[in-house]
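Structure at a glance
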Amino acid sequence: MSAHLDPRLLRAFLAVAEELHFTRAAARLYVAQQALSRDVRRLERELGAELFVRTTRQVTLTPDGDRLVPHARRVLQAQDDLLAAFRQARPLLVDLNSPGLETGRRVLYRARELAPELELMARYESGLTGAAGEIVAGRLDASFGRYAGLDPALRAGLDHQLVRCEPMAVLLPEGHRLAASAQVPLGALVGESVYAGAGNPRTPEWTDLGRLLFEGRGIEVAPPAPLAVGIEEFQRIMAKEPHPILVVVGFPAMPGTVLRPLVDPVPLSPVSLVWRKGLVHPALDALRRAAAELASAESWLERPAGAWIPAIDINLTSTDT
């Protein structure tokens, strides 16, 4: 048995034990049923015991499951008591990458609505790789971005929750040959160099996504540009070398450019909520509930037929972390 048992697994177990129904328990915890089932299976592996008897008609506790219930309640009550004692402690520091990006901002705003008594403070670290180092070091608590694009050494210190498969787009200069199109097929970018943040030490996960998307399609990743901080500087630097820029559909407007969704296929950027492994904070719980709620309400995790997403992202976001 593992020497360190994640309280989240006990919370998943107890919800199923009390509801005796995986769908109702998942709704109660604001998580997907698949994720709840994985957590229960992981707890069973770590304890070396079967906790539930599952049939197509019902879920019942095994003797080991019955034995675990009072222990789980005591552990979780102790955790709740600890959190209550420190509820007025420091704010949760949440990185949103860049001002104006939609997904992280909406999750943060919804979390503030769910837990108005808590303080969630926004930070802007430009990219997930930059933020992840700060998270592991304890200077940030959470961020958003492409978890699979992180160095494995960084991933080892993090937990994550897939929030959205966000359609990708290109930002084109107004005079670009494709600017008049409502959508841009990937095939129309053959021969182009598209800027995907190459050379930015804070965003290699995004550059890697661009390389995977362009590979074998006759599209190049544009060479590194000077690192620009702030939208005005970014706009000035990009105007010197007017390459198309790889973005997501929720990227904020930029003067002198037009944003066009990519199609044929629709490429998706996997956006996860990422936090330090072992972090316990009531505002993190609110953030996770907000992410699950928005993902469900707005179908953020649905993938259009034939959509493109890297295999490594699918594998890492569909297995236990």
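Predicted model only: the values in this text are computed from it and were never measured.

The rules behind each value
Residues numbered from 1 in each chain as written. Predicted model: local features only at pLDDT ≥ 70, side-chain atom pairs only at ≥ 80, totals over all residues. Heavy atoms only, no water. Helix = DSSP H or I, 4+ residues; strand = E, 2+ residues; numbered from the N terminus. Rg over C-alpha atoms; globule rule 2.2 N^0.38 Å. Buried < 20%, exposed > 50% of the residue type's maximum accessible area, 1.4 Å probe, protein only. Contact = heavy atoms within 4.5 Å. Areas by Shrake-Rupley, 256 points an atom, 1.4 Å probe, with all protein chains shown as cover. Lys, Arg positive; Asp, Glu negative; His and termini not counted. Charge placed at Lys NZ, Arg CZ, Asp CG, Glu CD. Salt bridge = Lys/Arg side-chain N within 4 Å of Asp/Glu carboxyl O. Pairing = 2+ DSSP bridges. Phe/Tyr/Trp six-rings, centres within 6.5 Å; stacked < 30°, edge-to-face > 60°. Lys NZ or Arg CZ within 6 Å of the ring centre and 35° of its normal.

The next subject is the overall build of the protein chain. When you go through the protein chain residue by residue, the secondary structure sums to 11 helices and 12 strands. For 321 residues, the compact-globule formula gives about 20 Å, and the C-alpha radius of gyration of the protein chain, at 22 Å, lands near that figure. Across the 321 residues of the protein chain, 46% fall into the buried class. Nonlocal contacts in the protein chain, meaning residues at least 24 apart in sequence, comprise 75% of its contacts between residues at least 6 apart. Put simply, the protein chain shows about 15,600 Å² of open surface, and 53% of that area lies on carbon and sulfur atoms. Counting 36 positive and 38 negative side-chain charges, the protein chain places the averaged centre of each group 3 Å from the other.

Right, let's get into the environment of Met121. Along the chain, Met121 falls in strand β4 (residues 120-123). For the pair Met121 and Arg54, spaced 67 residues apart in the sequence, the C-alpha separation amounts to 42 Å. Those residues in contact with Met121 that sit more than four places away from it in its chain are Pro91, Leu92, Leu93, Val94 and Arg112.

This paragraph deals with the pattern of salt bridges. In this structure the tally under the stated criterion is 18 salt bridges. With a closest N to O distance of 3.3 Å, Arg54 and Glu44 form a salt bridge. On the criterion of sequence distance, the pair formed by Arg54 in strand β1 (residues 52-54) and Glu44 in helix α3 (residues 33-47) is long-range, its members being 10 residues apart. Judged by relative accessible area, Glu44 falls into the buried class, the value being 12%. In this structure, the salt-bridge partner of Asp159 is Lys277, at a minimum N-O distance of 3.2 Å.

What follows deals with the pairing of strand β6 (residues 158-173). Burial runs high along β6: 13 of the 16 residues are buried. Inspection of the sheet shows β6 paired to strand β12 (residues 268-276) by nine bridges, in the antiparallel sense. Across the sheet, the residue bridging to Leu158 is Arg276, located in β12. Here β6 pairs with strand β10 (residues 245-248) via four bridges, running antiparallel. Each residue of the ladder has a partner; that of Leu171, found in β10, is Ile245.

Under the counting rule described, the total for this entry stands at two aromatic pairs. Here the aromatic rings of Phe13 and Phe52 are separated by 5.5 Å at their centres, their planes lie at 45 degrees, and the arrangement is tilted. With a gap of 39 residues between them, Phe13 in helix α1 (residues 7-19) and Phe52 in strand β1 connect regions that are remote in the sequence. Members of the aromatic cluster, each reached through a chain of ring pairs, are Phe13, Phe22 and Phe52. Above the face of the Tyr147 ring, Arg155 is positioned so that its terminal group lies 5.9 Å from the ring centre.

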